[in-house]
Amino acid sequence: MQLIIAEKPSVAKDLARVLPGNFKQHEGYFEGPDHLITWAVGHMMELKTPEDYAPELSAWLMDSLPIIPGEASGTSGQVLPPFQRKARSGMTKQLRLIRKLGQREDVTELVNACDAAREGELIFREIDDYMGLNKPVKRLWLQSMTASGIRQAFDNIQDAEVYRGLSAAAYCRAEADWLIGMNATRGITKRLKGRRESGVWSAGRVQTPTLALLVHRELKVLAHVPKPFWRLKGTFTCHGTDYTAQYRLTRTAKDADKIWAEKEAEALLAACQKQPVSISEKVSESTRRSPMLHSLTSLQKEANSRFGMSAKRTLGAAQRLYEGFKVLTYPRTDSSALPQDYRNHVDEVIQSLAGQTTANDLQASFSEGKRADAIPEAAQTVLDKGLQNASRNFDDSKVGDHFAIIPTGKWPSTPLGGDDAKVFELVLRRFLAAFMEPSRWQKVIRSTEVQVADKSGLPSWAQEGLPTFFTESNRLVFPGWQLVDRRPPESELLADIGISPGETAEGNSKALEIEPDQTRPPKRYTEASLLKAMETATDLDLDAHGEFEDEDDLQSLKSSGLGTPATRADTIESLIAKGYVLRSGKTLRAAAKGITLVDFLERLKINNLAKAELTAEMEFHLHQVQEGKRDPEQYMVEVKESVRDFAEKVRLFQYEDLFTELEPIGACPKDGEPIFEGLKGYRCSKIPVGDQFEILVKGMGREAKVALPEVCELLAAEAQKLDGVASVESLPKRTNGYVRLKMSSAGPTPDVIAMLEAMVDRVLPENSIKESKVSAMEPDECGFTIWKEFRGRYLNRPVVETLLETKDTGPLDGFVSMRGETYAGRIRLDDEFKLEFEAYKGYKGSDDSGAVAPELISYVINDAPYLTCPKCEEGKIIESPTHFECQVEGSDKGCGLKMPRTVCKREMTRADLLTYFDPAVGHTEWIEDFVSRKGRAFTARLMRKPNGRHGFEFKPREGGPRKKVTKKKTTKKAAKKKATKKKATKKKAAKKVTKKKTVKEA
């Protein structure tokens, strides 16, 4: 009996469907005659947290770093046990079941059927370690979830020992990420987190170097100063055909289309107005090579460029098409080639895509009609001409653990819509394009010379030769692979005006116009371009690495990057969730918090986190571990050394040392003193003066060797002995203690603070307090500061220099609203030395920030009747792959009422929506498992709006809504009047009491 452990329940179900014999389903597993099949739910085990090793590590202290399992760590120097794992929350029940199944006497062998990748290997190995059975293990390597793919995987099942290197790399990856992430997050948070901030400043082996790529691009964008220019465009006619062209001083020179003075543009316009023109064309031939088959990264880039889909959305759709619909092969691959023995499968799939019957089947696979256009025609073309580029596409040397993403030849059970349809279409088109001929193009350059008779009116730089307008475009001569993939729209093709190359024709100008514009900053990253940057993150000098003699190793190093194809999407989403990166349409930009973090790391020269190429080298070393070419222990030694270096730098640096090499950014507008840059702002350098100081000590509670009151008394007694101290007061509280000092005369606060900090370090007993801080109380200081983050935008040096010099930054892009949307504005410095903001309209950036369609998951359609539409009362609510929507009988359309089948990552079922579509109710019951954009679960119910769309209603707070308490401001005059009134009331009351007493006595 074999115990098969799959990564997910859906995979286990597919295995039970294909393996021989009848399988009976139990809670948590399937049982057949020769197999037990159970499943994990992703990672079921996790590395223990620092406090699991030693309770003292629950406190985030700089002196505790570095924390390295197996070595002395923490303030006590306790030697921690080696790395240990524990069950994740909610996983204990399934883990116990798996162990119980594995302990059965009839189970003689375990089968690892988790994902065929590094993380899948780790998931199984952790479960195997937890079971502790020491039974033989086999490895099932699944590339396709079709029945034939599963049978083929069982035919090729191997001993788990073959994948020992993959297992070692998986453990190294997990433990390296723990060491770097845990120490970096604690150290950076302690040094950068402000008092009013919530959350942590997290850092990681892959996420922080990825952030650095975005930050470096963002700083270039922010440093850009727009410069105005003008373009001259014209509409011309020749042989009865109109076309447009643009003036250029020369065709190829950079910025040749820009006219830098408006008056010169107007002079050029006047000279060219209503003049005859001569037209000629140059034509050159070119070919466009057919593209490679899709890897995950290329598929993510294509989906982002075409549809604006994020990498995570694309991976999610590809995974559903692989696991659920079984129409794609394994998607988490970095390969763009197929093994040699896959040629028969390719032939079968292409034959299935060709022909009229298949065209109808293919059309039925999509809920949107045009998704299948040209696919059967292209498949027939491949059959007629044979497979092109076979040696490139079938190459065993370019296939690693997995091959390229291709269709399995199976049709989806019901039509696809939304993201799933888009991704399936992209793979189908690329699959055929890769086996087709190159496309052939003509590049056409049309020159339109204006026959200016009198050149004296032209600007001096335009008087040589005749003013020339250019039109450049392409003509498709032979479609080749572009019959099916990246098909050019007709609007992009240049119309023929009947001129042969080398001939000249006469024409006329119909209209000329001046178009104002301004220079653009460099383009920010889109997800497509960031994925490419992550893929090729290494800039290593290969000649400096003599150890790499193997050509394969050199090639791997050149192509090593940040993370793996399977993890890059999560890395990008993590940076956004943590507030380091903002997404606007297709564009990604580093936020002020992200820029501050990378600036801090680079100034401390913590290069393994700040430089992408060093992390890429670590990824390459991990690849060597997987290939058995590097010892896992040696890899971990390198990681631990980098962690020790990080801890020392973060613990010992002084903030004032970070910017010592920089000149003052300007003069303070309040007192004329130099302003210097700091980590989070630009501050006046006037030295503050004060005579009152405070020592704050945070207690350790019962763990302290000396109680907090005694520590305060000890510090107070020692402070009294210092020169210049007039009085000392000890104020121990329950958790914090304060020692306040009054000096005999005011002096520079930095000097006094340094003296007191030295005294505290000298006097404090060991293991008595968590931390201490010395600060001046109400010092006499200028305090003028321009913070680096203003309205969500990072204020870099050029902007602040301009602001200090002219009191106006001019138009700036990149301010961020509360909703995460970006906008332009300008900052001014007012007479009270405060920053004023003014929104600016009409700013032209270079980002692709267009709207992106929301994520839509494709579901199996239930054709059974549902409900009458509550909006129009004529149509019926039907299911589409992505929505519940109104449809009127005899028509393809309805009244517009729609409900997505996924709302906030939660599938909406017919049962959920019964009351929502009920005319008398109009809302769902309370639903508890919605998930917000930030990944937090929340409870709400969906309300049907009059327009047919939905909205949320949230539960009221327990005990009713909180009332805001507002303090009324009262003037001195009003307060005095109130006090007088109270006095008068008291006197009046006293008189009444006296009068009553008198009456009573009488």
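Residues numbered from 1 in each chain as written. Predicted model: local features only at pLDDT ≥ 70, side-chain atom pairs only at ≥ 80, totals over all residues. Heavy atoms only, no water.

Some thoughts on the packing of helix H16 (residues 527-535) against helix H18 (residues 568-577)
Right, on to step 1. Packing of H16 against H18 brings their axes to within 11 Å, and their N-to-C directions diverge by 120°. Relative to H18, the element H16 is oriented oblique. Like other packed secondary-structure pairs, H16 and H18 cross with a definite hand, here right-handed. The residues of H18 that touch H16, namely those facing Glu527, Leu530, Leu531, Met534 and Glu535, are Arg568, Thr571, Ile572 and Glu573.
Right, on to step 2. Per-class residue counts for the contact of H16 with H18 are four nonpolar, one polar and four charged. (Axes fitted to C-alpha atoms, helices over the stretch in contact; angles between N-to-C directions. Helix = DSSP H or I, 4+ residues; strand = E, 2+ residues; numbered from the N terminus. Parallel < 35°, antiparallel > 145°, perpendicular 65-115°, else oblique. Left-handed = near helix turned anticlockwise from the far one by under 90°. Contact = heavy atoms within 4.5 Å. Nonpolar A, V, L, I, M, F, W, Y, C, P; charged D, E, K, R; others polar.)

A few points about the sheet that holds strand S34 (residues 867-868)
Right, on to step 1. Taken together, four strands build an open sheet; the order of strands is S34-S35-S36-S37 and the sheet is antiparallel. Both outer strands of the open sheet, S34 and strand S37 (898-900), are each paired with one neighbouring strand and no more.
Right, on to step 2. In terms of strand pairing, strand S36 (residues 883-887) meets S37 through three bridges, oriented antiparallel. Directly across from Glu885, in S37, lies its bridge partner Lys898. (Pairing = 2+ DSSP bridges.)

Structural notes on the sheet that holds strand S19 (residues 581-584)
Right, on to step 1. Here three strands make up an open sheet; going across it, the order is S18-S20-S19 and the pairing antiparallel. The two strands at the open ends of the sheet, each matched to only one other strand, are strand S18 (525-526) and S19.
Right, on to step 2. Relative to strand S20 (residues 587-590), S19 is paired through four bridges, and the arrangement is antiparallel. By the bridge assignment for S20, Ser584 is matched with Thr587.

Looking at the packing of helix H1 (residues 9-18) against helix H5 (residues 147-155)
Axes are the key here: two packed helices are described by the angle between their axes and the distance separating the axes.
Right, on to step 1. Closest axis-to-axis distance for the H1/H5 pair is 10 Å, and the angle between their directions is 85°. Classified by the interaxial angle, the pair formed by H1 and H5 is roughly perpendicular. Across from Asp14, Leu15, Arg17 and Val18 in H1, the residues of H5 making contact are Ala147, Ile150, Arg151 and Phe154.

Digging into unusual backbone geometry
Right, on to step 1. Cis peptide bonds are those with omega within 30 degrees of zero, and the linkage from Leu65 to Pro66 qualifies with 0°.
Right, on to step 2. Along the chain, the position of Pro66 falls in the loop between helix H2 (50-53) and strand S6 (72-73).
Right, on to step 3. Of note, the phi angle at Asn134 is positive, near 60°, even though the residue is not glycine.
Right, on to step 4. In this structure, Asn134 sits in the loop between helix H4 (118-131) and strand S10 (137-139).
Right, on to step 5. Not every positive phi belongs to a glycine, and Asn389 is a case in point at roughly 60°.
Right, on to step 6. Relative to the helices and strands, Asn389 resides in the loop between helix H13 (375-385) and helix H14 (390-393).
Right, on to step 7. Given the relative accessible area of 26%, Asn389 is considered partly exposed. (Buried < 20%, exposed > 50% of the residue type's maximum accessible area, 1.4 Å probe, protein only.)

Re the side chain of Thr882
Right, on to step 1. Structurally, Thr882 can be placed in the loop between strand S35 (876-879) and S36.
Right, on to step 2. In this structure the side chain of Thr882 is engaged in a polar contact, spanning 2.9 Å, whose partner is the side chain of His883. (Polar contact = N/O pair within 3.5 Å; in protein donor to acceptor, adjacent residues only side chain to side chain.)

Things to note about the pattern of salt bridges
Should the charged atoms of two oppositely charged side chains come close, the side chains can pair.
Right, on to step 1. The tally for this structure, following the rule as stated, stands at 71 salt bridges.
Right, on to step 2. A salt bridge links Glu425 to Arg371, with the shortest nitrogen-to-oxygen separation between them at 2.7 Å. Of the two residues, Glu425 sits in helix H15 (residues 418-433) while Arg371 sits in the loop between helix H12 (356-364) and H13, which places them 54 residues apart along the sequence.
Right, on to step 3. Take Glu425: its relative accessible area is 5%, and that puts it in the buried class.
Right, on to step 4. Of the charged contacts in the structure, one is a salt bridge between Arg603 and Glu661, with a shortest N-O distance of 3.1 Å. One end of the pair, Arg603, is in helix H19 (residues 592-603); the other, Glu661, is in the loop between helix H22 (632-652) and strand S21 (666-667), with 58 residues separating them in the sequence.
Right, on to step 5. Look at the salt bridges and you will find they share partners, linking Arg231, Lys233, Asp255, Asp257, Lys258, Glu515, Asp517 and Arg520 into a network. (Salt bridge = Lys/Arg side-chain N within 4 Å of Asp/Glu carboxyl O.)

Section: the confidence of the model for the protein
Right, on to step 1. Model confidence for the protein is summarised by a mean pLDDT of 88, while 92% of its residues fall at 70 or above.
Right, on to step 2. Element-level pLDDT for the protein is lowest in helix H17 (residues 551-559), with a mean of 45, against a maximum mean of 97 in strand S4 (residues 35-39).
Right, on to step 3. Overall, residues 986-1002 carries pLDDT values under 50, and its contacts beyond four positions in sequence, including any with other chains, amount to zero contacts. (pLDDT = per-residue confidence, 0-100.)

Quick look at the nonpolar core
Right, on to step 1. Grouped together as the largest cluster of nonpolar side chains are 73 residues, with contacts concentrated most on Ile188, Phe600 and Tyr635.
Right, on to step 2. Broken down by element, this core gets its largest block of residues, 13 residues, from helix H6 (residues 164-192).
Right, on to step 3. Filtering out sequence-adjacent residues up to four positions away, Tyr635 remains in contact with Cys172, Ala176, Arg205, Met618, His621, Leu622 and Val625.
Right, on to step 4. Counting 50 residues, the second-largest nonpolar core is a separate cluster that includes Ala317, Tyr342, Ala404 and Met436. (Core = buried A, V, L, I, M, F, W, Y, C linked by side-chain atoms within 4.5 Å.)

Examining the packing of aromatic side chains
Right, on to step 1. A full pass over the atoms with the stated rule returns 29 aromatic pairs.
Right, on to step 2. A centroid spacing of 5.9 Å and a plane angle of 35° characterise the contact between Phe366 and Phe424, whose relative ring orientation is tilted. In this pair, Phe366 sits in the loop between H12 and H13 while Phe424 sits in helix H15, placing the two residues 58 residues apart along the sequence.
Right, on to step 3. Judged by its relative accessible area of 1%, Phe424 falls in the buried class.
Right, on to step 4. Ring plane angle 35° and centroid distance 5.7 Å describe the contact between Phe394 and Phe435, whose orientation is recorded as tilted. In this pair, Phe394 is assigned in the loop between H14 and H15 and Phe435 in the loop between H15 and strand S15 (439-450), connecting sequence segments 41 residues apart. (Phe/Tyr/Trp six-rings, centres within 6.5 Å; stacked < 30°, edge-to-face > 60°.)

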